[in-house]
Amino acid sequence: MEEKIINEDIQGQSLAIEKTIGNDRKLYIESYGCAMNFSDSEIVASILSKEGFNTTQKLEEADLVLVNTCSIREKAELTVRKRLEKYNAVKKDRPHMKVGVLGCMAERLKSKFLEEEKIVDMVVGPDAYKDLPNLIQEIDEGRDAVNVILSKEETYGDISPVRLNTNGVSALVSITRGCDNMCTFCVVPFTRGRERSREPKSILQEIEDLSNKGFKEITLLGQNVDSYLWYGGGLKKEFVNATEMQKATATNFSSLLEMVAKAFPKMRIRFSTSNPQDMTLDVIETVAKYQNICKHIHLPVQSGSNRILKEMNRLHTIEEYFELIDNIRRILPDCAISQDMISGFPTETEEDHQATLYALEKIQYDFGYMYSYSERPGTMAARKLEDDVPETTKKRRLAEIIAVQREAGHYRTKQHVGKIEEVLIEGTSKKSENDWMGRNPYNAVVIFPKENYKVGDFVNVKITDCTSATLLGKAVELSENN
Ligand code: SF4
């Protein structure tokens, strides 16, 4: 996964929406961290809608508040603690209001959460959401409730998510849960458990349902999508014990991708997150083969130094990573590539840092998500390595990394100017009511005048200009894809 976890907008976003289908208790859900949490909140809303809960976007009218949390960096956890203070203030006027904590922080802290934060009534780990009806009954009866049991099987494949805060165009479709890689800086293997894949049939059904509802783009989601493997259920690591028949008929990520691309030729397909050690040539070739698979690969590397990659337990060298990038560029010459990078990992020297800057300059990524190292309790790095790079050094190195990335990003953005690219309209531009905002297949944001087009249209847009990361253009015509 990775790394969407690291990278993705640790800023919290409320993912709540008003529904009124005859339910009579109000649920307010807030999600933080990676796309997987946002996807899980939709599963939670679906489970609770059957229990009489309407979702609301007004905290002040909630009967139940759920916060889906991220543990990837300390800052993410502090944000959640701050939100709990806010819920506490609201609770003064709504004493019956209950508060539950979901996600990675719940899994990490378990019942300790109840001791540390008096406002919390319920603690539920990422594999225990089907138990929510029972847990809510417990708290309704005045008892605290905790379920943080990690599962070997749970993929929520049988639950049809309630789409929260949707633009009606793009949706997340989860394909795996958990992670078997033990990157030393990462809490995910501890908070989300071992890796298991979801049955292709239920993935295809979910996409069919989205297609029938008018969605035009899906993102296949997993901590490490390249590691997807369906052989009839069970943990990925137990595949070695599968029968010959199971091995012969197993579905890997490239075959899943092909299955989805073929079954839904009008649907745009994205995927996230890829892991360099697991990405195979056939995935890249499948992306090349199907026009409806977007030409963008998020390929976190975290460091350009082999020594640091080893300390991080990333199972590849920087040379192998460069070779993978060469293969992507050979098979998919226009493909956008993005990165995740960590500055100041324990023991990182100036030489290691220079190797990271070199990798950034060499690859010239389209964009990236960059952070300074934040030690997470319980991880291998926290147990084995001293967090010995001073904060000022981490920050200075991060600023240098960002500066190189900014220049590369601007260079890549400029390459689009003058081209005609297909853009899927997602909504009105934040800056002007008169413009649409959409994305091209390379995941770049494109802004152009509205004219007679509408949300969900695929439009061929002539790119006429750009800012550092945004393309500006003019619609030419509706694309054939509509
Ligand atoms: S352990 Fe590594 S691959 Fe797995 S989620 Fe964490 S960063 Fe990603």
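Because the structure is predicted, anything quoted here is derived from the model rather than measured. (Residues numbered from 1 in each chain as written. Predicted model: local features only at pLDDT ≥ 70, side-chain atom pairs only at ≥ 80, totals over all residues. Heavy atoms only, no water.)

### Some thoughts on the pattern of salt bridges
Per the stated rule, a full pass over the model turns up 38 salt bridges. Across the pair Arg94 and Asp63 runs a salt bridge whose closest N-O atoms are separated by 3.1 Å. With a gap of 31 residues between them, Arg94 in the loop between helix H3 (74-91) and strand S5 (98-102) and Asp63 in the loop between strand S3 (53-55) and strand S4 (64-69) connect regions that are remote in the sequence. The salt bridge involving Arg198 is made with Glu206; its shortest N-O contact spans 2.7 Å. According to the relative accessible area criterion, Arg198 is buried, its value standing at 4%. The buried category is assigned to Glu206, whose relative accessible area is 10%. A single network of salt bridges, built from pairs that share partners, joins Asp40, Asp127, Arg177, Arg192 and Arg196. (Salt bridge = Lys/Arg side-chain N within 4 Å of Asp/Glu carboxyl O. Helix = DSSP H or I, 4+ residues; strand = E, 2+ residues; numbered from the N terminus. Buried < 20%, exposed > 50% of the residue type's maximum accessible area, 1.4 Å probe, protein only.)

### Re the nonpolar core
The biggest cluster of nonpolar side chains holds 51 residues, and the ones touching the most others in it are Leu220, Phe253, Phe271 and Ile328. It is helix H13 (residues 318-331) that contributes the most residues to this core, seven residues altogether. Beyond its immediate sequence surroundings of up to four residues, Phe253 is in contact with Ile175, Leu220, Val225, Asp226, Tyr228, Phe271 and Val283. Counting residues in each nonpolar core, the second largest holds 24 residues, with Val44, Leu64, Ala145 and Leu164 among its members. (Core = buried A, V, L, I, M, F, W, Y, C linked by side-chain atoms within 4.5 Å. Contact = heavy atoms within 4.5 Å.)

### Quick look at the sheet that holds strand S8 (residues 170-174)
Strand order across the open sheet formed by three strands is S8-S11-S14, with parallel pairing between neighbours. Looking at the sheet topology across the chains shown, the edges are occupied by S8 and strand S14 (268-272). Taken over all neighbouring pairs, the strand axes of this sheet differ in orientation by 25° on average, direction set aside. As judged from the five bridges shared by strand S11 (residues 217-221) and S14, these two strands associate in the parallel manner. Among the inter-strand pairings, Leu221 is bridged to a residue of S14, identified as Ser272. Packing of helix H2 (residues 35-49) onto the sheet brings it into contact with S8 and S11, and relative to S8 it is tilted by some 90°. (Pairing = 2+ DSSP bridges. Axes fitted to C-alpha atoms, helices over the stretch in contact; angles between N-to-C directions.)

### Observations regarding the environment of Val80
With respect to the helices, strands and loops of the structure, Val80 is situated in helix H3. Counting along the chain gives 226 residues from Val80 to Asn306, while the straight-line C-alpha distance between them is 35 Å. Aside from chain neighbours lying at most four places away, what touches Val80 is Tyr32, Val67, Thr69 and Met105.

### Some thoughts on the domain arrangement of the chain
Assigned domains of the chain: these are domain 1 (12-147), domain 2 (170-414) and domain 3 (420-475). Using C-alpha coordinates to define each centre, domain 1 is positioned 28 Å away from domain 2. Of the residues lining the interface, 16 residues belong to domain 1; the matching set on domain 2 comes to 17 residues. Together domain 1 and domain 2 conceal approximately 1600 Å² of surface at their shared face, both sides included; 55% is due to carbon and sulfur atoms. Counting the surface domain 1 buries against domain 2, the share from its top three residues, Met36, Ile72 and Arg73, is 35%. (Domains from an automatic or database assignment. Buried area = accessible area lost by both parts, 1.4 Å probe.)

### Here we look at the pairing of strand S18 (residues 420-428)
Most of S18 sits inside the fold, with seven of its nine residues counted as buried. As defined by bridge partners, S18 adjoins strand S21 (residues 458-466) across five bridges and the pair is classed as antiparallel. Bridge assignment links Glu422 to a residue of S21, and that residue is Asn460. Hairpin remark: S18 followed by strand S19 (residues 435-439), antiparallel, with six residues in the connecting loop.

### Here we look at the pairing of S19
The sheet contact formed by S18 and S19 spans four bridges and is antiparallel. Considered in S19, the bridge of Ile425 is made with Gly438. Across five bridges, the pairing between S19 and strand S20 (residues 445-449) is antiparallel. Bridging from a neighbouring strand, Asp435 pairs with Pro449 of S20. Where S19 hands over to S20, the hairpin turn is made up of five residues, of which Asn443 adopts a positive phi near 70°.

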